[in-house]
Amino acid sequence: MAVVRTQDVKKVYEMGDVTVDALKGVDLEVEQGEYLSIMGPSGSGKSTLFNMVGGLDKPTSGKVYIDDVDVAQLDAYELAWLRCRKIGYIFQTFNLIPVMTALENVTLPMVFAGLTSDEARDKGVHLLGRVGLGDRVSHKPYELSGGQQQRVAVARAMANDPALILADEPTGNLDLNTGTEIIDLLREMNQESGVTVISATHDHKMLSVSDRVVWIRDGRVDRIMNREDLKIEVGTIDGKAP
């Protein structure tokens, strides 16, 4: 069963007299429980595709379906409901609210979803424990390392038991070892909860945990490969020396 489907998705940006074709007709299906990585050079269109799938932007033409719902047809209220209930977001810059504790950051989406304060607190403590921060629930972001902040973001993304987690360069601001920990954590959550994960990334460490990898180039799907077909060589990128 496909959680996400895109049909001939195109996105055109008008910048004065300049027209930029960011996406040129992307067809993609992502199955329930899959871990998919979207890779490509800067300017390839992968972030634009990520924004289309996440309901953060609408295509110029084509269709984006999440659980068979056409995202472009939703009004603002319906789109907000979809983002709150169906999608968990993880960003490169963490996007935590600095004046809130780790627990408050994690429980905020639950409050929007209608949980009582007691229900949200209990669930938030549980989620922070799952990501290894059971002893950091009262810490604010500035009291946490980058890796710990991203773990809070992972817990927040799982707050409302989403069907889909979208991770935009989740290891981009982390060192090698911490980035690997976050990748392993995302895969663990994917396997334990059955949540679908789509990650837009430059990080080739993602290859080892992805079920499939989609390479985007010049606004189109260049190729799609299953993990067992990938040839991962240490110290190389796409077979070329870095």
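On a predicted model such as this, the values are computed, not experimentally measured, just so you know.

Peer 1: Now, about the packing of helix H3 (residues 102–112) against helix H5 (residues 146–157): what can you tell me, with residues and values included?
Peer 2: At a closest axis distance of 8 Å, the pairing of H3 and H5 adopts a crossing angle of 25 degrees. Looking at the two axes, H3 sits roughly parallel to H5. Note on packing geometry: the crossing formed by H3 with H5 is right-handed. Contact with H3, carried on its side by Ala-102, Asn-105, Val-106 and Pro-109, involves Val-152, Ala-155 and Arg-156 of H5 and no other residues of that element. The residue inventory of the contact of H3 with H5, partitioned by class, reads five nonpolar, one polar and one charged.

Peer 1: So what's going on with unusual backbone geometry? Residues and values would help.
Peer 2: Phi at Phe-94 takes a positive value of approximately 70 degrees, unusual for a residue other than glycine. Relative to the assigned elements, Phe-94 resides in the loop between strand S6 (87–91) and H3. Even without being glycine, Asn-95 reaches a positive phi, approximately 55 degrees. One can find Asn-95 in the loop between S6 and H3. Assessed through its relative accessible area of 39%, Asn-95 is described here as partly exposed.

Peer 1: Please give an account of the sheet that holds strand S10 (residues 220–226) that cites residues and values.
Peer 2: Strand pairing in a sheet takes place through backbone hydrogen bonds and is either antiparallel or parallel in direction. Strand order in this open sheet of six strands is S6-S7-S8-S3-S9-S10, and the pairing throughout is mixed. Looking at the sheet topology across the chains shown, the edges are occupied by S6 and S10. Each neighbouring strand pair of the sheet contributes to a mean axis angle of 15 degrees, computed without reference to strand direction. Against the sheet, helix H2 (residues 76–86) contacts S6 and strand S7 (164–168), and its axis sits at roughly 75 degrees relative to S6. Those strands touched by H5 are S6 and S7, and its axis lies near 170 degrees from that of S6.

Peer 1: Please set out H5 residue by residue, giving values where relevant.
Peer 2: Under the 1.5 Å per step criterion, the end-to-end length of H5 is 16 Å for twelve residues, consistent within 8% with the ideal 16 Å. Of all the twelve residues making up H5, ten are buried; the element is thus mostly covered by neighbouring parts of the structure. Listing the buried residues of H5 in full gives Gly-147, Gln-149, Gln-150, Arg-151, Val-152, Ala-153, Val-154, Ala-155, Arg-156 and Ala-157. Those residues of H5 that are buried lie in contact with S6, H3, helix H4 (117–130), S7 and helix H6 (176–193).

Peer 1: Let's hear about the pattern of salt bridges: which residues, and what values?
Peer 2: A complete count under the given rule lists 14 salt bridges for this structure. Ionic pairing is found between Asp-203 and Lys-205, a salt bridge with its closest N-O pair at 2.8 Å. On the basis of relative accessible area, Asp-203 is assigned to the buried category, the value being 13%. One salt bridge in this structure joins Asp-222 and Arg-223, with 3.1 Å as the shortest N-O distance. On the basis of relative accessible area, Asp-222 is assigned to the partly exposed category, the value being 42%. Residue classification places Arg-223 among the partly exposed residues on the basis of a relative accessible area of 29%. Through salt bridges with shared partners, a single ionic network connects Arg-187, Asp-211 and Arg-227.

Calculation rules
Residues numbered from 1 in each chain as written. Predicted model: local features only at pLDDT ≥ 70, side-chain atom pairs only at ≥ 80, totals over all residues. Heavy atoms only, no water. Axes fitted to C-alpha atoms, helices over the stretch in contact; angles between N-to-C directions. Helix = DSSP H or I, 4+ residues; strand = E, 2+ residues; numbered from the N terminus. Parallel < 35°, antiparallel > 145°, perpendicular 65-115°, else oblique. Left-handed = near helix turned anticlockwise from the far one by under 90°. Contact = heavy atoms within 4.5 Å. Nonpolar A, V, L, I, M, F, W, Y, C, P; charged D, E, K, R; others polar. Buried < 20%, exposed > 50% of the residue type's maximum accessible area, 1.4 Å probe, protein only. Pairing = 2+ DSSP bridges. Expected span 1.5 Å × (residues − 1). Salt bridge = Lys/Arg side-chain N within 4 Å of Asp/Glu carboxyl O.

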